[in-house]
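Spelled out from the first residue to the last, the chains are:
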Amino acid sequence: MIALALPATTTEEGFIAPTIEDTHYPNIFPWGGEYGVLLEPGFGKQMLLMILSVVLIATFFLIASRRNQLVPGKLQFLGESAYGFVRNSIGKDIIGGRDFLKYVPWLFTVFFFVLVNNIFGAIPLLQVPTFSHPGSAYAIAAIFFVLWVGIGLKKHGLRYLKLAVVPAGVPWPILIIVVPIEIISNFIVRPVTHSLRLFATMLAGHLIVTLAGSAIAYMVGTGSILLQGTSVLVLIGFVAMYMLEALIMVLQAYVFTLLAAIYIEGALHADAH
Amino acid sequence: MLNAAIMAAEEGSNPLIPNLWELLVTVVGFAVLLFIVIKYVMPAFEKTFAERTEAIEGGIAKAEAAQAEANAALDEYKQQLTEARTEANRIREEARAEGAQILADLKAKAAAESARITEQAQVQIDAERQTALVSLRAEVGTLATDLASRIVGESLADDDRSSRVVDRFLSDLETSSQSAGAIR
């Protein structure tokens, strides 16, 4: 990130803040995909990290669950705690009932998928939260949009569409206003916010880290004692933001999973709402 | 790629436009992970959870059964103890009664025995008296005739003489009875 920022600062006069383009790395392979371009074929660092996250999560949980013993070892205990957290704190508490187990793998997968990919942003050298690219955030939110709409349709049939948009016990003149609002809220705003919330927080955090880093690099590079001294303050702020960002990374993974569970629950019990 | 980059830069690329390849990688990555979780991770964890629950509940049930058994055994022991105490009391009472009975029996037997002995002695005494009477009756006649003949053989008039004769007779009688006793 510093290396990326340096050319920008040296070719222009004064400090040029890194743009969103600068938060992305050169492609690993020469035919790399471009950020912000819909159909550019390629394979970039972001995709590599995505695959790495799948490998890491799968490996960890496969090993942790391989030797299942009644009295767990350290690794098994860790795996069980992680699984039990999503299973009970999110799946059981939100969805509840007898059939929450059916949706636990979805919640479990998405929680650790998002968590590990977010944490990548806090690990030096990896240093990019994968969901700061909109494609991944759209994809993951779309998967869950399809899932909960599918659950609703399967459970209630086509009546689900009516249940989802027509609140019970509202007089018909008000329904004229309420129904469009409900349609927009449930079927447009929900998936969009679901993805943008994750994407925007990750991108913003990543930008702040990048900005602070390039600012420090610029200030140290000016040769001015004053600016070099001031860069210490930036560094302190940078570390604080870094910590905050790490917290947000975990929090966003939780929020994403929690919302997914709430949407699934809403679809399952559409007739009760 | 360079062209695209330049174009993107010129257009001031919109950060909200996704790259479809990234989208694809994300969907495929999620699908692969989901498959692994559904196929391997979740069944393993759920199995462990179920086994653990069963082990704990089984343990609790076992402990409850053991507790119930212990309680039953305790009750049984208590009852047995009570029974044993009652039994002991009963036996003691019985023994006391029996002892009293035995004592009474013995007393009665002793009394009877003593009565029998007394009676026997009485009978014996009577028999001996009878014998004595019989032998006395047999001897008295002889003695009387003997004495009478001696008195007659001597002079009956002399009182001193007769008294002497009587005395001599009596002493004879004593010695003869003594010798008779010795012989007997």
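Just so you know, these numbers come straight off a predicted model, no measurement behind them.

### Describing the overall build of chain A
1) Next: Counting its regular elements, chain A contains eight helices and zero strands.
2) Next: For chain A, the N- to C-terminal ordering of α and β elements is α-α-α-α-α-α-α-α.
3) Next: Here chain A holds 273 residues, and 41% of them are scored as buried.
4) Next: Across chain A, every contact between residues at least 6 apart in sequence was considered, and the portion connecting residues at least 24 apart equals 60%.

### A closer look at the overall build of chain B
1) Next: From N to C terminus, chain B includes three helices and zero strands.
2) Next: Expressed as a percentage of its 184 residues, the buried residues of chain B come to 9%.

### Some thoughts on the UniProt feature "coiled-coil region" (unreviewed entry) in chain B
1) Next: When the UniProt feature table is mapped onto this chain, "coiled-coil region" (unreviewed entry) is found at residues 60–98 of chain B.
2) Next: What you have in residues 60–98 of chain B is 100% helix and 0% strand, and the ends, taken at the C-alpha atoms, are 56 Å apart.

### Some remarks on unusual backbone geometry
Residue and element names in this part refer to chain A.
1) Next: Its identity as a non-glycine residue notwithstanding, Q127 has a phi of 45 degrees, on the positive side.
2) Next: Within the secondary structure, Q127 is located in the loop between α4 (104–119) and α5 (134–156).
3) Next: Using a count of 18 C-beta atoms within 10 Å as the deciding quantity, one classes Q127 as partly exposed.

### Remarks on helix α7 (residues 172–221) of chain A
Within an α-helix, residues lying three or four positions from one another point in the same direction, as the helix has 3.6 residues per turn.
Residue and element names in this part refer to chain A.
1) Next: Over its 50 residues, α7 runs 68 Å from end to end, which matches the ideal 74 Å to within 8%, given 1.5 Å per residue.
2) Next: In α7, a bend of some 45 degrees at V189 exceeds every other bend along the element, and P191, a proline, comes one to four places later.
3) Next: A positive phi of about 85 degrees marks G223, the residue just after α7.

### Side note on the packing of α5(A) against helix α8 (residues 225–268) of chain A
Residue and element names in this part refer to chain A.
1) Next: Packing of α5 against α8 brings their axes to within 8 Å, and their N-to-C directions diverge by 20 degrees. For the element pair α5 / α8, the angle class is roughly parallel. Where α5 crosses over α8, the handedness of that crossing is right-handed. Note on element contacts: α8 touches α5 through A260, Y263, I264, A267 and L268, opposite F144, L147, W148, V149, I151, G152 and K155.
2) Next: For the contact of α5 with α8, the residue count by class is ten nonpolar, one polar and one charged.

### A word on the nonpolar core
A general trend in soluble globular proteins is that nonpolar side chains are found buried together.
1) Next: L107(A), V110(A), F111(A), V114(A) and I264(A) are the most contacted members of the largest nonpolar core, which totals 63 residues.
2) Next: Secondary structure elements with two or more residues in this core: α2 (45–66), α3 (74–95), α4, α5, α6 (159–165), α7 and α8 of chain A together with α2 (20–153) of chain B.
3) Next: The element that contributes the greatest number of residues to this core is α4(A), accounting for eleven residues.
4) Next: Look past the residues within four positions of I264(A) in its chain and what remains in contact with it is I95(A), Y103(A), L147(A), W148(A) and I151(A).
5) Next: Core analysis: the next-biggest nonpolar cluster, separate from the first, contains six residues, V209(A), A212(A), I216(A) and M219(A) among them.

### Topic: the UniProt feature "transmembrane region" (unreviewed entry) in chain A
All names here are of chain A.
1) Next: Residues given the UniProt feature "transmembrane region" (unreviewed entry) here are residues 47–64, 103–123, 135–153, 160–184, 196–220 and 232–264.
2) Next: Each end of residues 47–64 is marked by a C-alpha atom, and these two atoms are 26 Å apart; helix forms 100% of the span and strand 0%.
3) Next: As annotated, residues 196–220 has a helix share of 100% and a strand share of 0%, and its two end C-alpha atoms lie 35 Å apart.

### What about the UniProt feature "transmembrane region" (unreviewed entry) in chain B?
1) Next: The sites that carry the UniProt feature "transmembrane region" (unreviewed entry) are, in the present numbering, residues 20–42 of chain B.
2) Next: Helix makes up 100% of residues 20–42 of chain B and strand 0%, whereas the separation of the span's terminal C-alpha atoms amounts to 31 Å.

### Section: the environment of A168(A)
All names here are of chain A.
1) Next: In this structure, A168 sits in the loop between α6 and α7.
2) Next: Note on A168: 8 C-beta atoms within 10 Å, which makes it exposed.
3) Next: Through-space distance from the C-alpha of A168 to that of A272 is 9.2 Å; in sequence the pair is 104 residues apart.

### Some thoughts on the packing of α3(A) against α8(A)
Residues and elements named next belong to chain A.
1) Next: Two elements in contact, α3 and α8, have axes separated by 9 Å at closest approach and are oriented at 30 degrees. Crossing of α3 against α8: the hand is right-handed. The segment α3 lies against α8, with V86, I90, G91, I94 and I95 engaging T257, L258, A261, I262, I264, E265 and L268.
2) Next: Tallied by class, residues from the contact of α3 with α8 come to nine nonpolar, two polar and one charged.

### With respect to the confidence of the model for chain A
All names here are of chain A.
1) Next: Overall, the prediction assigns chain A a mean pLDDT of 83, with 86% of residues at 70 or greater.
2) Next: The secondary structure element of chain A with the lowest average pLDDT is helix α1 (residues 2–11), at 43, and the one with the highest is α4, at 94.
3) Next: In the predicted structure, residues 1–12 sits below a pLDDT of 50 and forms 22 contacts with residues beyond four places in sequence or in another chain.

### Observations regarding the environment of V86(A)
All names here are of chain A.
1) Next: Positionally, V86 belongs in helix α3.
2) Next: When the 23 C-beta atoms within 10 Å are taken as the criterion, V86 is described as buried.
3) Next: Residues contacting V86, with those up to four places away along its chain left out, are G91, V104, L107, F108, F111 and T257.

### Some points on the confidence of the model for chain B
One rule of thumb: low pLDDT means the predicted coordinates there are not for detailed reading.
All names here are of chain B.
1) Next: Across chain B, the average pLDDT comes to 83, with 88% of residues at 70 or higher.
2) Next: Averaged pLDDT values for the elements of chain B fall to 44 in helix α1 (residues 2–11) and rise to 89 in α2.
3) Next: Taken as a whole, residues 1–11 scores under 50 in pLDDT and shows twelve contacts with residues more than four places along the chain or in a different chain.
4) Next: This prediction of the complex comes with two scores: 0.67 for pTM and 0.84 for ipTM.

Cut-off values and rules
- Residues numbered from 1 in each chain as written.
- Chains lettered and ligands numbered in written order.
- Predicted model: local features only at pLDDT ≥ 70, side-chain atom pairs only at ≥ 80, totals over all residues.
- Helix = DSSP H or I, 4+ residues; strand = E, 2+ residues; numbered from the N terminus.
- Buried ≥ 20, exposed ≤ 12 C-beta atoms within 10 Å, placed from the backbone.
- Contact = placed C-beta atoms within 7 Å.
- UniProt positions renumbered as here; feature names shortened; annotations may be inferred.
- Expected span 1.5 Å × (residues − 1).
- Bend = angle between axes of the 7 residues up to and from the residue.
- Axes fitted to C-alpha atoms, helices over the stretch in contact; angles between N-to-C directions.
- Parallel < 35°, antiparallel > 145°, perpendicular 65-115°, else oblique.
- Left-handed = near helix turned anticlockwise from the far one by under 90°.
- Nonpolar A, V, L, I, M, F, W, Y, C, P; charged D, E, K, R; others polar.
- Core = buried A, V, L, I, M, F, W, Y, C linked by C-beta atoms within 7 Å.
- pLDDT = per-residue confidence, 0-100.

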